[in-house]
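Breakdown of the fold
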Amino acid sequence: VCHVTNKVAEYFYVVGKEMWFCAAIAAQTVNDGELMVGLTNAAYTGVLSTKPTDGMWFDKAETATVMTFNARKATGTATTQATSAVMTADETNYYAFHVLKSGSVEIYSGLSLAAMVLDGTIAVANAGLPDTVKLGITMAVQTGDGTTRYMLVDELLCVQEQALAA
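The text that follows walks through the structure, step by step, so that each part is easy to find. (Residues numbered from 1 in each chain as written. Predicted model: local features only at pLDDT ≥ 70, side-chain atom pairs only at ≥ 80, totals over all residues. Heavy atoms only, no water.)

This paragraph deals with the pairing of strand S8 (residues 105–110). Judged by how many residues are buried, S8 sits mostly within the fold: 5 of 6 residues are covered. Bridge analysis of strand S7 (residues 93–99) against S8 gives 6 bridges, and the strand direction is antiparallel. Paired with histidine 98 across the strands is glutamate 106, a residue of S8. The turn joining S7 and S8, which pair antiparallel and follow one another in sequence, is formed by 5 residues; a positive phi near 100° is taken by glycine 103. From the end of S8 to the start of strand S9 (residues 117–122), which pair antiparallel, there are 6 residues. (Buried < 20%, exposed > 50% of the residue type's maximum accessible area, 1.4 Å probe, protein only. Helix = DSSP H or I, 4+ residues; strand = E, 2+ residues; numbered from the N terminus. Pairing = 2+ DSSP bridges.)

Below is the structure:
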């Protein structure tokens, strides 16, 4: 398991404010290995079979060829949305989410920024966005066969709208 959570640059989702996240990643192999990239509670250090208690992230199961977006708050049931970009070994794919002011979440994926498509929208009532904990940028790769695997992270962007000072 290789797992990194950035606890220095923490993000705190604020209801009514927009947030954007985008990652460009390439997996060494698709048919062996779990992947994760996104924002998770800063205390998360588990292996990928144990999901974070709070966060908004993309992950891929052991033999899956597509990533799934997850939103989870306070160990509740994760709200999920599959992406449409099919992964190929060592090929860069882009994954993004946009939290709207309403609290709905738009999920995007594609082989380039220009080719990204809207995979779906999670309604605010179902989003389950974590708004009570700080979130850190998390990247992880885990393999089932004990062979060393890697995930290249080409680009990473996280932006959140801030309140204006009075």
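Attention shifts here to the sheet that holds S8. Hydrogen bonds between backbone atoms are what pair the strands of a sheet, whose relative direction is either parallel or antiparallel. Across the sheet, 5 strands lie side by side as S9-S8-S7-S2-S11; this open sheet has antiparallel pairing. Two strands close off the open sheet at either side, each with one partner strand: S9 and strand S11 (151–160). Averaged over all adjacent pairs, the angle separating strand axes in this sheet is 15°, with direction ignored. (Axes fitted to C-alpha atoms, helices over the stretch in contact; angles between N-to-C directions.)

What follows concerns the packing of aromatic side chains. The geometry of two aromatic rings is summed up by the distance between their centres and the angle between their planes. Applying the stated criterion across every chain yields a total of 5 aromatic pairs. Geometrically, the ring pair formed by phenylalanine 21 and phenylalanine 97 is stacked, given 5.4 Å between the ring centres and 15° between the ring planes. Taken together, the residues span a long stretch of sequence, with phenylalanine 21 in strand S2 (residues 19–27) and phenylalanine 97 in strand S7 at a distance of 76 residues. Summarising the burial analysis for this pair, phenylalanine 21 and phenylalanine 97 share the class buried. Between phenylalanine 69 and phenylalanine 97, the ring centres sit 5.2 Å apart and the planes meet at 55°, which makes this aromatic pair tilted. A residue pair is termed long-range when its members are at least 10 positions apart, and phenylalanine 69 in strand S5 (residues 68–72) and phenylalanine 97 in strand S7 qualify at 28 residues. An identical accessibility class is assigned to phenylalanine 69 and phenylalanine 97; each is buried. Among the aromatic residues, ring-to-ring pairing joins Phe21, Phe58, Phe69, Tyr95 and Phe97 into one connected group. (Phe/Tyr/Trp six-rings, centres within 6.5 Å; stacked < 30°, edge-to-face > 60°.)

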